[in-house]
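# Examination of the molecular architecture
Chain by chain, the residues:
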Amino acid sequence: MNENIYNAIILASIATYVCRAAGVVFSKKLNVNSDLFNWIECISMGIIISVISKIIFFPEGMLTETALINRILTILFLLIIYFISKKNILISLVSSTIFFILINSMY
């Protein structure tokens, strides 16, 4: 049984590093400003936006105990802080987390 686990770890490691090595080799030939990369970026952004929207409007678990208006206000607060702080993700994330905790503890 233990041998299967070790074999799985070794195979997963090999697969991971082969993919990384291939990425390094092929990255020199790729143009990041191409239409393909723009399309991939748009698809990625769409997926991220849809997941975040689902979490905000159709939450699961402990998040269902919070009001929708609190979740929306937190997102607006996050966006405001993000642009005020010159697109600093860490500051906007930490401050909006604190804001979310404070706004939910009021009720």
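As the structure is a prediction and not an experimental result, all values here were calculated from the model. (Residues numbered from 1 in each chain as written. Predicted model: local features only at pLDDT ≥ 70, side-chain atom pairs only at ≥ 80, totals over all residues. Heavy atoms only, no water.)

### Observations concerning the overall build of the protein chain
The secondary structure content of the protein chain amounts to four helices and zero strands. On the principal axes, the C-alpha backbone points of the protein chain span a range of 55 × 45 × 25 Å. Taking all 107 residues of the protein chain together, the buried fraction comes to 10%. Within the protein chain, contacts between residues at least 6 apart in sequence are counted, and of these 35% link residues at least 24 apart. Put simply, the protein chain shows about 9100 Å² of open surface, and 74% of that area lies on carbon and sulfur atoms. (Helix = DSSP H or I, 4+ residues; strand = E, 2+ residues; numbered from the N terminus. Buried < 20%, exposed > 50% of the residue type's maximum accessible area, 1.4 Å probe, protein only. Contact = heavy atoms within 4.5 Å. Areas by Shrake-Rupley, 256 points an atom, 1.4 Å probe, with all protein chains shown as cover.)

### Focus on the packing of aromatic side chains
Given two aromatic rings, one states the distance between the centres and the angle between the planes to describe the pair. Here the structure, examined in full by the defined rule, presents two aromatic pairs. Residues Phe77 and Phe99 carry aromatic rings whose centres are separated by 4.3 Å and whose planes lie at 10° to one another, so their mutual orientation is stacked. Of this pair, Phe77 sits in helix H3 (residues 68-84) while Phe99 is found in helix H4 (residues 89-105), placing the two residues 22 residues apart along the sequence. Residue class for Phe77 comes out partly exposed when judged on its relative accessible area of 25%. The exposure class of Phe99 is partly exposed, given its relative accessible area of 24%. Ring centres of Tyr82 and Phe83 lie 5.1 Å apart, and the angle between their planes is 75°; this geometry places the pair in the edge-to-face category. (Phe/Tyr/Trp six-rings, centres within 6.5 Å; stacked < 30°, edge-to-face > 60°.)

### What to know about the pattern of salt bridges
With the rule as written, the count across this model stands at one salt bridge. Between Glu60 and Lys54 there is a salt bridge, and its shortest N-O distance comes to 3.2 Å. Judged by relative accessible area, which is 62%, Glu60 ranks as exposed. The exposure class of Lys54 is partly exposed, given its relative accessible area of 41%. (Salt bridge = Lys/Arg side-chain N within 4 Å of Asp/Glu carboxyl O.)

Keep in mind that these numbers describe shape and distance, not what the molecule does.
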